[in-house]
Amino acid sequence: MDLKSVGVITLLLANNVAIAEEKKDLSPEPLLADKSLSLIEIPSQCYMKGQLEDEKQWLISQTSQDYYAQKFTNENYHEVCVDSFKISQYEVTLALYQQYSSENESTTLGEKGCYVVGDNGWENNLEADWRNPTFEQVHTHPVVCISYYEAENFIAWLNNKLNPTHRYRLPTEGEWELAARGEGKQRLSWRYWGNDAGAAKACEYGNISDLSLNDYKQQDQFFNCHDGAVQTADVHSFKPNNYQLYNMLGNVQEFTCSGFSDTPLLSESSCDKEETMEHITVKGASWYYPPIFNRAAFRGGLPRHLRFFGVGFRLAQDVE
Ligand SMILES: [Ca+2]
Ligand SMILES: [Ca+2]
């Protein structure tokens, strides 16, 4: 490199510093501008939660009576009533978690070990963590490989930092499913874009287990369209549902604050912080899960201390 080039680079660097300093004075703090903090208010109401009869028949046709009985009979169709609440439009970003980590290195640097799918199926990869979930991410992707406890620690840090009147928390299972279903006609579908797993429409509305993933790693079942993302995608990508919420049924599965039991009535309307139930409920489906799991009614239960490469979370708040 000649000196002339060095001079140009130095000048560019100097200009960038000047621009950065100028922006620093004019912009809100980066934390406050993060997409993860953009909330939508959902009004108090009652709705029908759970699996519909035609959904049941489709699930059995895709699997078997035994598999259905084992996985999907806990999605009871019933009325749930929720108070008004707010929920984030987007999943919590890697950028925001990085900021948390930079201020809490003593607690976040030891977060090793994450369940990923390796050559022999699911395995606890002791080298994997939220910085390296075994695939490439950029800072606008959702953070993954975070346990429920770590998500709660992050939220405690966020509340302490921002000191808002209404404090952030995870959504309850009942709140999450209402938010995912959207409103009006959309709410009556298994997925907010419709029921047909083969429809190209699926790839417009979420980062799902599509042909991109199938090209990368053969799947038994997948959505027959291309969404362009093998693993995680930008949290602000694809079309939202009609509550303007993005990737409720895609990108990553999401923690709720409701304990998991086969009888959802026990916990879906409240946060189970007392740990009366060992497992925590996760909702939605990730970039990895096949269409049978990609439905608003699907419920998963995970041990609270484990991490998975397809699981993240979004924020909620009370409305007073
Ligand atoms: Ca995808
Ligand atoms: Ca999601």
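Please read these numbers as outputs of a predicted model, since none were measured by experiment.

With that settled, consider the environment of threonine 134. Counting through the fold element by element, threonine 134 comes out in the loop between β6 (121–125) and α7 (148–162). With 16 residues separating them in the primary sequence, threonine 134 and glycine 118 have C-alpha atoms 9.4 Å apart. The contacts of threonine 134, once residues within four sequence positions are left out, are Val116, Asn125, Ala128 and Phe309.

A few words on the sheet that holds strand β11 (residues 311–312). Strands sit in the order β10-β9-β8-β11 across an open sheet of four strands; the sheet is mixed. Every other strand in the sheet has two partners, leaving β10 (299–303) and β11 as the edge strands with one partner each. Bridging between strand β8 (residues 253–259) and β11 involves two bridges; their strand directions are parallel. Looking at β11, one finds that glutamine 253 is bridged to valine 311. Against the sheet, helix α8 (residues 173–181) makes contact with β8 and β9 (279–283), and its axis sits at roughly 10° relative to β9, the strand it touches most.

Pairing is antiparallel across the open sheet formed by four strands, whose spatial order is β1-β4-β12-β7. Since the sheet does not close on itself, it has two edges, and those belong to β1 (39–42) and β7 (168–169), each with one partner. With four bridges joining them, β1 and strand β4 (residues 85–88) adopt antiparallel strand pairing. Paired with glutamate 41 across the bridge in β4 is lysine 86. Along the sheet, α8 contacts β1, β4 and β12 (316–318); its crossing angle with β4, the most-contacted strand, is approximately 65°.

We now examine unusual backbone geometry. Its identity is not glycine, yet threonine 134 carries a phi of approximately 85°, on the positive side. Assessed through the 16 C-beta atoms surrounding it within 10 Å, threonine 134 is described here as partly exposed. Here the phi dihedral of asparagine 247 falls at roughly 55°; this positive angle occurs in a residue that is not glycine. In this structure, asparagine 247 sits in the loop between α10 (211–216) and β8.

Residue position: valine 319 is located in the segment after β12. On the basis of neighbour count, valine 319 is assigned to the partly exposed category, with 13 C-beta atoms found within 10 Å. Sequence separation between valine 319 and serine 44 is 275 residues; the distance between their C-alpha atoms is 9.5 Å. Ignoring sequence-local partners within four residues, the contact set of valine 319 consists of Glu41, Ser84, Phe85 and Lys86.

Okay, the confidence of the model for the chain next. With 87% of its residues at a pLDDT of 70 or more, the chain has an overall mean of 87. Confidence drops under a pLDDT of 50 for residues 1–28, and excluding neighbours within four residues, the segment shows three contacts in the predicted structure.

So, about the pairing of strand β5 (residues 114–118). Bridge count between β5 and β6: five bridges; the pairing is antiparallel. Bridging across to β6, cysteine 114 finds its partner in asparagine 125. Once β5 ends, the chain turns through two residues before running back antiparallel as β6.

Structurally, lysine 217 is set in the loop between α10 and β8. C-alpha separation for the pair lysine 217 and valine 230, spaced 13 residues apart in sequence, amounts to 9.1 Å.

What counts and what doesn't
Residues numbered from 1 in each chain as written. Chains lettered and ligands numbered in written order. Predicted model: local features only at pLDDT ≥ 70, side-chain atom pairs only at ≥ 80, totals over all residues. Helix = DSSP H or I, 4+ residues; strand = E, 2+ residues; numbered from the N terminus. Contact = placed C-beta atoms within 7 Å. Pairing = 2+ DSSP bridges. Axes fitted to C-alpha atoms, helices over the stretch in contact; angles between N-to-C directions. Buried ≥ 20, exposed ≤ 12 C-beta atoms within 10 Å, placed from the backbone. pLDDT = per-residue confidence, 0-100.

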